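Overview (structure and organization)
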Amino acid sequence: VQLQASGGGLVQTGGSLRLSCAASGGTFRTYTIAWFRQAPGKEREFVSASRRGGSSTHYADSAKGRFTISRDNAKNMVYLQLNSLKPEDTAVYYCASSSTVILSALRLEGAYAYWGQGTEVTVSS
């Protein structure tokens, strides 16, 4: 499975961005797709996930109420809508996929076998 993230950019505090993750190879609907982010000098952290088939969505506490994950299985695309952005959201955002990740491991980067190259989001104050 190949993943390509896009849609990052520079935005002011309170602004919005929509990140996209395009997948190729594999059977897309059978994959759980997650977004992680890594801020400068920090470890990569879980942001959100859409379980295989779109059966459920999950968010980090920092993302709840501001970010929305969605997927289009017909287009092999997953989107992450970022609203009410804050400077602390500045990071490189990565999409990742797994066909085997279980619910209890959803937030662990080690559970994902395939990763996109990342797209940078910068939120200015």
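I will try to describe carefully the structure that is included in this document. (Residues numbered from 1 in each chain as written. Predicted model: local features only at pLDDT ≥ 70, side-chain atom pairs only at ≥ 80, totals over all residues. Heavy atoms only, no water.)

To continue, consider the overall build of the protein. Counting secondary structure elements, the protein contains 0 helices and 11 strands. Secondary structure elements of the protein occur, N-terminal to C-terminal, as β-β-β-β-β-β-β-β-β-β-β. Computed over C-alpha atoms, the radius of gyration of the protein comes to 13 Å, within 12% of the 14 Å expected from 2.2 N^0.38 for 125 residues, which places it in the range of a compact globule. With respect to the principal axes defined by its C-alpha atoms, the protein has extents near 40 × 25 × 25 Å. Of all 125 residues assigned to the protein, the portion counted as buried reaches 44%. Within the protein, contacts between residues at least 6 apart in sequence are counted, and of these 59% link residues at least 24 apart. About 6200 Å² of surface is accessible on the protein, with carbon and sulfur atoms providing 47% of the total. Side-chain charges of the protein comprise 13 positive and 8 negative groups, with the mean position of each set lying 9 Å from the other. (Helix = DSSP H or I, 4+ residues; strand = E, 2+ residues; numbered from the N terminus. Rg over C-alpha atoms; globule rule 2.2 N^0.38 Å. Buried < 20%, exposed > 50% of the residue type's maximum accessible area, 1.4 Å probe, protein only. Contact = heavy atoms within 4.5 Å. Areas by Shrake-Rupley, 256 points an atom, 1.4 Å probe, with all protein chains shown as cover. Lys, Arg positive; Asp, Glu negative; His and termini not counted. Charge placed at Lys NZ, Arg CZ, Asp CG, Glu CD.)

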